[in-house]
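Single-letter residue listing:
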Amino acid sequence: MDYLKIHSSKSLSGTIAISGAKNASLPLIAMTILAENSVKIKNLPNVVDIKTLLKLLSKLGANCQFSTNSVVVDTSTINETKATYDIVKTMRASILVLGPILARFGHCEVSLPGGCAIGQRPIDLHLKALEQMGAKINIKAGYIEASTPNGLVGCDIIFDKVTVTGTANIVMAAALAKGITTITNAAREPEVVQLCDVLAQSGVVINGIGTAILEIHGTNTKLLNIKEFDVIPDRIEAGTYLCAGAITKSELTLTNVEPKHLGAVISKLEEMGNTFKITKDAITIYPAKKIKPIKITTQEYPAFPTDMQAQFLALATQADGVSIIEEKLFENRFMHVSELQRMGADITLNGHTATVNGKTKLSGTDVMATDLRASSALVLAGLVATKETNIHRIYHLDRGYDSLESKFKNVGAKIQRLKE
Ligand code: UD1
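Residues numbered from 1 in each chain as written. Predicted model: local features only at pLDDT ≥ 70, side-chain atom pairs only at ≥ 80, totals over all residues. Heavy atoms only, no water.

Focus: the pattern of salt bridges
Counted only if it meets this: Basic side-chain nitrogens of Lys or Arg form a salt bridge, by our definition, when they fall within 4 Å of a carboxyl oxygen of Asp or Glu. We count a stretch as a helix when DSSP gives it H or I for four or more residues in a row; a strand needs E for two or more, and each element gets its number in order from the N terminus. We call a residue buried when its accessible area falls under 20% of the maximum for its residue type, exposed when it is over 50%, and partly exposed in between, using a 1.4 Å probe and counting protein chains only.
One pass over the full model with this rule turns up 16 salt bridges. A salt bridge links Lys42 to Glu228; its shortest N-O distance comes to 3.0 Å. Taken together, the residues Lys42 in strand 3 (residues 39–42) and Glu228 in the loop between strand 13 (213–217) and strand 14 (229–230) connect sequence positions 186 residues apart. Among the residues examined, Lys42 registers a relative accessible area of 26% and is labelled partly exposed. Asp230 is paired through a salt bridge with Lys42; the nearest N and O atoms lie 3.9 Å apart. Taken as a pair, Asp230 in strand 14 and Lys42 in strand 3 lie far apart in primary sequence, 188 residues in all. With relative accessibility at 44%, the residue Asp230 sits in the partly exposed group. Taken together, the shared-partner salt bridges in this structure form one network comprising Asp2, Asp398, Glu405, Arg417 and Lys419.

A short note on the sheet that holds strand 23 (residues 388–392)
For clarity, the threshold we go by: Pairing between two strands is assigned when DSSP locates at least 2 bridges connecting them. Note on geometry: axes are lines fitted to C-alpha atoms, helical ones only across the stretch in contact, with angles between N-to-C directions running from 0 to 180 degrees. Two residues qualify as a contact provided that any one of their heavy atoms is within 4.5 Å of a heavy atom in the partner residue.
Spatial ordering of the open sheet is given by 22-23-1-24, a layout of four strands whose pairing is mixed. On the outer flanks of this sheet lie strand 22 (366–368) and strand 24 (414–419), each paired with one strand and no other. Ignoring strand direction, the axes of neighbouring strands in this sheet form an average angle of 25°. Of the pairings in the sheet, the one linking strand 22 to strand 23 comprises three bridges and is parallel in character. Each bridged residue has a counterpart across the sheet, and for Asp366 the counterpart in strand 23 is Asn390. Across the sheet, helix 12 (residues 372–384) touches strand 1 (2–7), strand 22, strand 23 and strand 24, and the angle it forms with strand 1 is around 30°.

Things to note about the packing of aromatic side chains
Heads up, the rule is: Any Phe, Tyr or Trp ring, taking Trp's six-membered ring, that has another such ring centre within 6.5 Å forms a pair; planes under 30 degrees apart are called stacked, those over 60 apart edge-to-face, and the others tilted. In this analysis the charged atom, NZ for Lys or CZ for Arg, is taken to sit over a ring once it is within 6 Å of the ring centre and within 35 degrees of the ring normal.
Across all of its chains, the model carries two aromatic pairs by this definition. Each ring, one from Phe304 and one from Phe312, has its centre 4.9 Å from the other, and the planes form 90°; the classification is edge-to-face. Comparing Phe304 with Phe312, the two get one shared label, buried. Across from the ring centre of Tyr143, 4.6 Å away, lies the NZ or CZ of Lys82, which sits over that ring.

A word on the side chain of Asp402
Applied cut-off: Counting rule for charge: Lys and Arg are taken as positive, Asp and Glu as negative, and neither His nor the chain ends is counted. N or O atoms closer than or at 3.5 Å make up a polar contact, with two conditions inside protein: a donor-capable atom paired with an acceptor-capable one, and, for residues adjacent in sequence, both atoms drawn from side chains.
Positionally, Asp402 belongs in the loop between helix 13 (395–400) and helix 14 (404–410). Buried Asp402, no salt bridge; nearest opposite-charge side chain is Lys407, N-O distance 5.1 Å. At 3.1 Å, the side chain of Asp402 and the side chain of Ser19 are in polar contact. For Asp402, the side chain forms a polar contact with the side chain of Ser403, separated by 2.7 Å.

Put into structure tokens, the structure is as follows:
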């Protein structure tokens, strides 16, 4: 297994090109199941989660030609509708194939994803909405078995909670359904917006894109002609590198970013004393001389993203004063706290709230990555810790960060990937 060795790297400088968004790519790849043609997707990040989903599609019979940052997917050869446990257990987002397979083939089996490090993460809202659209769903021997005896029919769906992959799944199902589906309390994340945009460009009428009420006019099983497109930039990867600039007090420039998607993140970094130069697709961070403490509550987009909580928690250990970070979306998303404490951070956890007493001197040691974003928090801490930090189980990082160590090395970080 690989691990990362990081030495204190206090002055980074240069430019980092941001990759395509993992969380946008996943539903967009699943969406190719709705296409009559081969679909080319460009600006794909080179990360394990993308390969996992392409492997799943290949197992179903699709032909996926992957090159470094693009893929051509031909789903006309799909001859299997069962997403088996061996793949689904490695990536919960595999559930994204449920809506499109059901819409195209009338039946689908997907293994239940099972437990997850950051909390329970149920999929009840996905299933309830598909049932409302006419699907018959049984849970049997660890599998969701879904079929549509009379096809999927548009209806009014109200999500009890905002769910990102739930919205994506139902939008894809609704795209081929009969009639109009209205989703109230839909996710407004940029990744959902891009899915809707591409579907709209492929002939599906969708009203309310980017709002909490989506109205999707289904094609009544007519497959879509989807033209090639570029995946939007990864706002979480960008946010992570902005935190790297802030924690190491370094001027860094990010290119291939969409600043509009980073509003809440940039605003919190400004409150901490950092300043920015922002153009259409680049952001330069000018770091604070003294980092100010912060109050953060994670919420759905456009509020502060839960996927940036761990990185800001690491940053707060270097702020002068007390920061309060409240996690509202996932009940167990503080696994990085105990690892940061082992590095010397002064953090108190009380339910969903972490109180961080800064500024503390962090000292490098052996730490363990527990989930994708928790891992990047440990990298940030390692950059400012004295001595060396060894981060184990970095397969979590590889799921979602494209070329993390080379991007960091290029701006002067002392970071190495080694074998255990
Ligand atoms: C997506 C992102 C993930 C991000 C999260 C929240 C992908 C591949 N992953 O995850 O990186 O952290 O959004 O922004 O895009 N819920 C239910 N029932 C359901 C579905 C969700 O109760 O059927 C709850 C969840 O437990 C959670 C909340 O709703 O508390 C939000 O979850 P959701 O938006 O669905 O997260 P994901 O789509 O899995």
